[in-house]
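# A structural walkthrough
Next come the chains, spelled out residue by residue.
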Amino acid sequence: MALMKVFYEDWQMGCCGDPFSVGDRVGWNLVPVKKSGDPGGAYGAGAWVENHGGRGPATEGVVRAVELVRAAYAFRPEESPTHRPVPGSWSLEAVDTCPKWFEGDTFESGTEGRGAEQSGTLVHRTSGALVTLEVPDGPAAPPPAASRARRRTKRSDRRQ
């Protein structure tokens, strides 16, 4: 068996995902991370879950670890019309279960009350989960084509 890191974005989970726990057997359609700007690329993931593409074979495995990814985002209208991640601001929090809905945004002390669209406002956000997935030996990379995620969890197959 081999271990791979997979990033599950918050919006993908909130829209079409099912919560999962350490020990669950899952099947997800994965897209390989090709550059650091891809979902999960900055966090060391080798692939990310895609719930909204075409159908294809799922990568199946057993969840061995779940870490929530938290990062600071700054609004700088001179650079971008949206909040952008602050480089190096992310952290990981180990949990037993990935939630369906992630925590809401929190403002850094000293920036609350400015409004989200004020330059320099810092927002802390949980952007998803970094999952360690145990997969059968063989190529660790997922299939190259994005495909619709169809996740299966079999509680009876859960390893203790």
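Below is a summary of the structure that appears in this document. Owing to the predicted nature of the structure, the values given are computational and were not obtained by experimental measurement. (Residues numbered from 1 in each chain as written. Predicted model: local features only at pLDDT ≥ 70, side-chain atom pairs only at ≥ 80, totals over all residues. Heavy atoms only, no water.)

## Some details on the layout of surface pockets
By volume, the largest pocket is sized at about 500 Å³. The wall of the largest pocket is formed by 24 residues, among which Gly 37, Ala 42, Tyr 43, Tyr 73 and Pro 85 lie closest to the centre. Sorting the residues of the lining of the largest pocket by element identifies strand 1 (2-9), helix 1 (10-16), strand 5 (59-74), strand 6 (84-85) and strand 9 (122-135) as the ones contributing at least two each. Here the residues of the lining of the largest pocket are counted per class, giving 11 nonpolar, eight polar and five charged. (1 Å grid on protein atoms, 1.4 Å probe; cavity = no way out; pocket = protein on both sides within 12 Å on 5 of 7 lines; lining within 4 Å. Points joined across faces, edges and corners; volume = space filled by probe spheres on them. Helix = DSSP H or I, 4+ residues; strand = E, 2+ residues; numbered from the N terminus. Nonpolar A, V, L, I, M, F, W, Y, C, P; charged D, E, K, R; others polar.)

## A short note on the packing of aromatic side chains
Counting across every chain of the model gives five aromatic pairs. With a centroid separation of 5.4 Å and 85° between ring planes, the pair formed by Tyr 8 and Trp 28 is classed as edge-to-face. Of this pair, Tyr 8 sits in strand 1 while Trp 28 sits in strand 2 (residues 25-28), and the two are 20 residues apart along the sequence. Since its relative accessible area comes to 1%, Tyr 8 is described here as buried. Pairwise contacts between aromatic rings join Phe 7, Tyr 43 and Trp 90 into one cluster. Above the plane of the ring of Tyr 73 lies Arg 125, whose end atom (NZ or CZ) is 4.7 Å from the centre. (Phe/Tyr/Trp six-rings, centres within 6.5 Å; stacked < 30°, edge-to-face > 60°. Buried < 20%, exposed > 50% of the residue type's maximum accessible area, 1.4 Å probe, protein only. Lys NZ or Arg CZ within 6 Å of the ring centre and 35° of its normal.)

## Examining the pattern of salt bridges
What the rule picks out here adds up to three salt bridges. Its salt-bridge partner being Glu 67, residue Lys 5 comes within 3.7 Å of it at the nearest N-O pair. One end of the pair, Lys 5, is in strand 1; the other, Glu 67, is in strand 5, and 62 residues separate them in sequence. The partner of Glu 93 in a salt bridge is Arg 70, with the nearest N and O atoms 2.2 Å apart. Pair noted here: Glu 93 is in strand 7 (residues 91-95) and Arg 70 is in strand 5, with a separation of 23 residues, a long-range link. On the basis of relative accessibility, which here comes to 33%, the residue Glu 93 falls in the partly exposed class. (Salt bridge = Lys/Arg side-chain N within 4 Å of Asp/Glu carboxyl O.)

## With respect to the side chain of Asn 51
Following the sequence through the fold, Asn 51 ends up in the loop between strand 4 (47-49) and strand 5. Here the side chain of Asn 51 touches Tyr 8 through a polar contact of 3.3 Å, side chain to side chain. (Polar contact = N/O pair within 3.5 Å; in protein donor to acceptor, adjacent residues only side chain to side chain.)

## Quick notes on the environment of Gly 14
Checked against the element boundaries, Gly 14 lands in helix 1. Taking relative accessible area as the criterion, Gly 14 reaches 12% and is therefore assigned buried. Each C-alpha atom of the pair Gly 14 and Lys 100 lies 5.6 Å from the other, and the pair is 86 residues apart in sequence. Look past the residues within four positions of Gly 14 in its chain and what remains in contact with it is Lys 100 and Trp 101. (Contact = heavy atoms within 4.5 Å.)

## Details of the environment of Lys 34
With respect to the helices and strands, Lys 34 occurs in the loop between strand 3 (30-32) and strand 4. Taking the C-alpha atoms as reference points, Lys 34 and Ala 47, 13 residues apart in sequence, are found 8.5 Å from one another.

## Focus on the pairing of strand 5
Of all the 16 residues making up strand 5, 13 are buried; the element is thus mostly covered by neighbouring parts of the structure. Pairing of strand 2 with strand 5, which is carried by four bridges, proceeds in the antiparallel orientation. Counted as the bridge partner of Arg 25 is Val 62 from strand 5. Note: strand 5 against strand 9, 12 bridges, orientation antiparallel. Residue pairing across strands places Glu 67 opposite Leu 130, the latter belonging to strand 9. Here strand 5 pairs with strand 7 via five bridges, running antiparallel. (Pairing = 2+ DSSP bridges.)

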